[in-house]
Amino acid sequence: MGSATAHANTNIALVKYWGKRDTDLNLPAVSSLSMTLSTMGTTTRVTFDPGLRRDELLLDDHPAPEAARARTSRFLDLVREASGVESFASVRTRNNFPTASGLASSASGFAALALAATRAAGMDADLATLASLARRGSGSAPRSLLGGFVALPAGQAADGSDCIPRQVAPPEHWDLRLVVTLTASGAKTVGSTEGMERTRLTSPYYGAWIEENARAMEAASRAVVERDFETLGRVVEASCFRMHAVALSAEPAVLYWNDGTVRVIHRVRSMRDAGVRCWLTMDAGPHVKVLCLPGDADLIAKDLAAMPGVQGVLVERPGPGAEVLP
Ligand code: PMV
């Protein structure tokens, strides 16, 4: 029986990925740039066991819903195909942040699963192999394999061989903070795959979104290397609002914000008008994440935590990449 445990932290995109160029291989239509976080992550243990009659998934010690088990099982099929291992596996996975918060990220989950499952299957997979596996689970997962500031190129190769993450700068390059606010969760949101496909197929602005990507990547990557906070902040917020604008222009509109989201958006903008250097970003959910400098993080976190509609606040910094645990 092969067994291995791996840990991966989640990542937040500074330049957003939204849209696929190949839905079967889950290849992104745009490049993205992210920051891997320091504490929010997933630890996963995989054991291939010839005695099992199907793959099992335990989430925080409880049997996972069937949809999650089936998604994990389809992912394990790829690892079985690559390794030649034939048995089913038991997967035990744990998030060190509230799973029900809607922040539960598929990025840390599939990065940890790719690393643990390949190791448990006896493979010593390189970054390209791990990335192409992790990507099949979730488009943002390859970025969590590496620490610090990470670029994931869209690439052009039909097989995705040029869609491999690259570290733009290690975590210690720049001591930034990301204040993550959990806003009250409303109705269930549209999944990212469905939202992206609806956007691609129905938004009249999808072409402009794709076209703008190279400029955003170039400006944000340079700002990271030069530690130019003003430029990075501006590009981060623009990328976020453009992603949400193109999603909102789909038919029917893909809307992830709730009342709390909009309140926090206005609050961040007024703090900035008052001289606090902070910029926001949001993903396929209602939570607002605020990028700031270390000296301002406590003030911003305290201020946002006191707002109606905000259920909790976490402060993150750049963190390490995925690793196999002893
Ligand atoms: O990895 P997915 O399929 O959950 O897509 C992630 C999409 C965004 O979080 C909205 C943006 C991003 O680049 O992470």
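The rules behind each value
Residues numbered from 1 in each chain as written. Predicted model: local features only at pLDDT ≥ 70, side-chain atom pairs only at ≥ 80, totals over all residues. Heavy atoms only, no water. Pairing = 2+ DSSP bridges. Helix = DSSP H or I, 4+ residues; strand = E, 2+ residues; numbered from the N terminus. Axes fitted to C-alpha atoms, helices over the stretch in contact; angles between N-to-C directions. Contact = heavy atoms within 4.5 Å. Buried < 20%, exposed > 50% of the residue type's maximum accessible area, 1.4 Å probe, protein only. Domains from an automatic or database assignment. Buried area = accessible area lost by both parts, 1.4 Å probe. Polar contact = N/O pair within 3.5 Å; in protein donor to acceptor, adjacent residues only side chain to side chain. Nonpolar A, V, L, I, M, F, W, Y, C, P; charged D, E, K, R; others polar.

A few words on the sheet that holds strand β11 (residues 278–282). Taken in spatial order, the 4 strands of this open sheet run β11-β12-β10-β13, and their pairing is antiparallel. The strands lining the two open edges of the sheet, one partner per strand, are β11 and β13 (310–316). Taken pair by pair, the neighbouring strands of this sheet meet at an average axis angle of 25°, ignoring direction. In this sheet, strand β12 (residues 288–292) lies alongside β11 in antiparallel orientation, the contact comprising 5 bridges. In the strand pairing of β12, Trp279 is matched with Leu291. Helix α6 (residues 229–248) contacts β11 and β12 of the sheet and is inclined by roughly 30° relative to β11. Contacting β10 (177–183), β11, β12 and β13, helix α7 (residues 259–273) crosses the sheet at an angle of about 160° to β11.

With that settled, the discussion passes to the environment of Ala141. Residue placement: Ala141 occurs in the loop between α3 (127–137) and β8 (149–152). Ala141 gets classed as buried once you look at its relative accessible area, which sits at 0%. Linking Ala141 and Leu27, residues 114 residues apart in sequence, is a C-alpha distance of 12 Å.

By domain assignment, the protein chain separates into domain 1 (2–173) and domain 2 (177–316). Computed over C-alpha atoms, the centres of domain 1 and domain 2 are 23 Å apart. Facing the 28 residues of domain 1 at the interface are 39 residues of domain 2. The contact between domain 1 and domain 2 buries some 2,900 Å² in all, and 71% of this surface belongs to carbon and sulfur atoms. Interface area lost by domain 1 to domain 2 is led by Lys16, Trp18 and His173, which between them contribute 31%. Across the domain 1-domain 2 interface, the total number found is 12 residue pairs in polar contact (both at pLDDT 80 or more). Elements supplying a minimum of two residues to the side of domain 1 that touches domain 2: β1 (2–15), β4 (32–48), β8 and β9 (166–169). With 7 residues, the top contributor of residues to the side of domain 1 that touches domain 2 is β4. Of the residues in the side of domain 1 that touches domain 2, the class split is 17 nonpolar, 9 polar and 2 charged.

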